[in-house]
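The chain contents come next:
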Amino acid sequence: MQAPQLQHLTVGGAPAATGTPRRLAYWDWSCQAADHRSVVVCVHGLSRQGLDFDTLAQALRQRSRVIAVDVAGRGHSDWLADPMGYQIPTYAGDLAALVAHLRAEVPDVQIDWVGTSMGGLIGMAMAAQPQMALRRLVLNDVGPVIQWEALLRIGTYLGLNPSFESEQAAVDYLASISTGFGPHTPEQWRALSLPLLRQRDGRWWFHYDPAIATPFKAMTANADEAAARQIVQAGETALWGLYDAIQVPTLLLRGAQSDLLTPETAQHMTQRGPKASLVTFNGVGHAPTLVAHDQVAAVRDFLWAV
């Protein structure tokens, strides 16, 4: 197995949300094949980080270079000065800069996208723009309709910023709030958890900006739930517009027990826009971690199809 290299790209500045240049971190697995024109960009979920994709990257690097981003405020990327910047337009702007950087390195590069949850929403925003010229798109347990109850569940832990007396206590806590990921071995839980942690002053802390929760809580904490739901529904209309504009082959992955992506929404996604191919994983909720063999195989086979 190859250890990825940690790279940085300067992004931001006007007219971006932060107004000042900052570092976007990404993990880079080199391609084992001689042809380096294929790149798979992987983007994680709301409170995760790029090394979530290590298992998938080790499989895909047989034919492609793999890039996994630490989205702004997570992992090794800089935090934003304005917490309200932690939203899809900022992230999409950062990733557009990364795509431009990859194309400057290799002008005829072919770029595929694998996005889990939030990373899938960013991918929809990117794939809907013809100038991004993505080749294939994988949406992992996310679509234009996001269930209100799932947002409330995520809000119970997002941005709490707890600390732990030991590394193992932190791993156990992360496993307890991630049961939707499905069955994993203790070793797999540690591999998914350790990159999220940093030791400081004798305790273990999450390695992300707690303020990533600010825009999220501004929506879900609305005293008028009906008004908050209307905001969510307006967002859904915009997301369906993006999805319907996508013209690249698309694979939709869904956890059979997902509380964020319903079977009905998944079926609609197979019938409109890019008419995604749908693969469902039993025993998994939100979201498949792309660690299990069948999950890796589904992504690999789709990206490697002629």
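Every residue gets a number counted from 1 within its own chain, in the order that chain's sequence is written. Two thresholds apply to this predicted model, a pLDDT of at least 70 for residue-level local features and 80 or more for giving and counting side-chain atom pairs, whereas whole-chain, interface and lining totals are computed over all residues. Processing note: side-chain calculations cover all non-hydrogen atoms of the structure and skip hydrogens and water entirely.

**Regarding the pattern of salt bridges**
Then, number 1: Salt bridge, as used here, is a side-chain nitrogen of Lys or Arg placed within 4 Å of a carboxyl oxygen of Asp or Glu. Tallying each qualifying case throughout the model produces 11 salt bridges.
Then, number 2: Of the charged contacts in the structure, one is a salt bridge between Arg153 and Asp259, with a shortest N-O distance of 2.6 Å. One end of the pair, Arg153, is in helix H4 (residues 148–155); the other, Asp259, is in the loop between strand S10 (250–255) and helix H9 (263–269), with 106 residues separating them in the sequence.
Then, number 3: Residue classification places Arg153 among the partly exposed positions, given a relative accessible area of 28%. Strands here are runs of E lasting at least two residues and helices are runs of H or I lasting at least four, both read from the DSSP assignment and numbered beginning at the N terminus. Exposure categories follow from relative accessible area, calculated using a 1.4 Å probe and restricted to protein chains: below 20% of the type maximum is buried, above 50% is exposed, and the middle band is partly exposed.

**Some points on the sheet that holds strand S9 (residues 203–206)**
Then, number 1: Here, any two strands with at least 2 DSSP bridges between them count as paired. Taken together, three strands build an open sheet; the order of strands is S7-S9-S8 and the sheet is antiparallel. Strands at the two margins of the open sheet, each flanked by one partner only, are strand S7 (163–164) and strand S8 (197–200).
Then, number 2: In this structure, S7 lies alongside S9, joined through two bridges in antiparallel fashion. From the neighbouring strand, Ser163 faces S9, where its bridge partner is Trp205.

**Quick word on the sheet that holds strand S1 (residues 5–12)**
Then, number 1: Strands sit in the order S1-S2-S4-S3-S5-S6-S10-S11 across an open sheet of eight strands; the sheet is mixed. Where the open sheet ends on each side, the last strands, each with one partner, are S1 and strand S11 (277–281). Each strand of the sheet is rotated relative to its neighbour by a mean of 20 degrees, with strand direction disregarded.
Then, number 2: Examined bridge by bridge, strand S5 (residues 110–116) and strand S6 (residues 136–140) share five bridges and lie parallel to one another. From the neighbouring strand, Trp113 faces S6, where its bridge partner is Leu137. Angles here are taken between N-to-C directions and fall from 0 to 180 degrees, while the axes themselves are lines fitted to C-alpha atoms, restricted in helices to the stretch in contact.

**As for the side chain of His184**
Then, number 1: Within the secondary structure, His184 is located in the loop between helix H5 (167–176) and helix H6 (186–193).
Then, number 2: Using a relative accessible area of 15% as the deciding quantity, one classes His184 as buried.
Then, number 3: Here the side chain of His184 touches Gly182 through a polar contact of 2.8 Å, landing on its backbone oxygen.
Then, number 4: A polar atom in the side chain of His184 sits 2.8 Å from the side chain of Thr289.
Then, number 5: Among all residues touching His184, those that are not within four sequence positions of it are Trp189, Leu192, Thr289 and Val291. What qualifies as a polar contact is a pair of N or O atoms within 3.5 Å, subject to a donor-acceptor requirement within protein and to the restriction that residues adjacent in sequence count only when both atoms come from side chains. By definition, residues are in contact when any of their heavy atoms lie within 4.5 Å.

**Examining the packing of aromatic side chains**
Then, number 1: To pair, rings of Phe, Tyr and Trp, with the six-membered ring standing in for Trp, must have centres within 6.5 Å; the planes then decide the type, stacked if under 30 degrees apart, edge-to-face if over 60, and tilted in the middle. The full count for this structure, using the stated rule, is six aromatic pairs.
Then, number 2: For the pair Phe206 and Tyr208, a centre-to-centre distance of 5.8 Å together with 20 degrees between the ring planes defines the contact as stacked. No difference in accessibility class separates Phe206 from Tyr208, as the two residues are buried.
Then, number 3: An aromatic cluster of three or more residues is present, and its members are Phe164, Tyr173, Phe206 and Tyr208.

**Let's talk about the pairing of strand S4 (residues 65–70)**
Two faces belong to every sheet, and in a regular strand the side chains alternate between them.
Then, number 1: Among the six residues in S4, six count as buried, and that is most of the element.
Then, number 2: Burial along S4 is two-sided: Arg65, Ile67 and Val69 and Val66, Ala68 and Asp70, pointing in opposite directions, are all buried.
Then, number 3: Sheet analysis places strand S2 (residues 21–29) next to S4, joined by five bridges and oriented antiparallel. The partner of Tyr26 across the bridge, within S4, is Val69.
Then, number 4: In this structure, strand S3 (residues 38–43) lies alongside S4, joined through five bridges in parallel fashion. Bridging across to S4, Val41 finds its partner in Ile67.
Then, number 5: In this fold, the crossover linking S3 to S4 by way of helix H1 (residues 54–60) has right-handed handedness. By convention, orient the strands away from the viewer: a clockwise path from the first strand over the helix to the second makes the crossover right-handed.

**A look at the packing of H5 against H6**
Then, number 1: One can describe the packing of H5 onto H6 by two numbers: an axis separation of 10 Å at closest approach and a directional angle of 95 degrees. On the basis of the axis angle, H5 is roughly perpendicular to H6. Where H5 abuts H6, its residues Glu167, Gln168, Val171, Leu174 and Ala175 lie against Trp189, Arg190 and Ser193. Every angle not falling under 35 degrees, over 145, or within 65 to 115 is termed oblique; those three ranges are roughly parallel, roughly antiparallel and roughly perpendicular.

Just distances and angles here, no functional claims.
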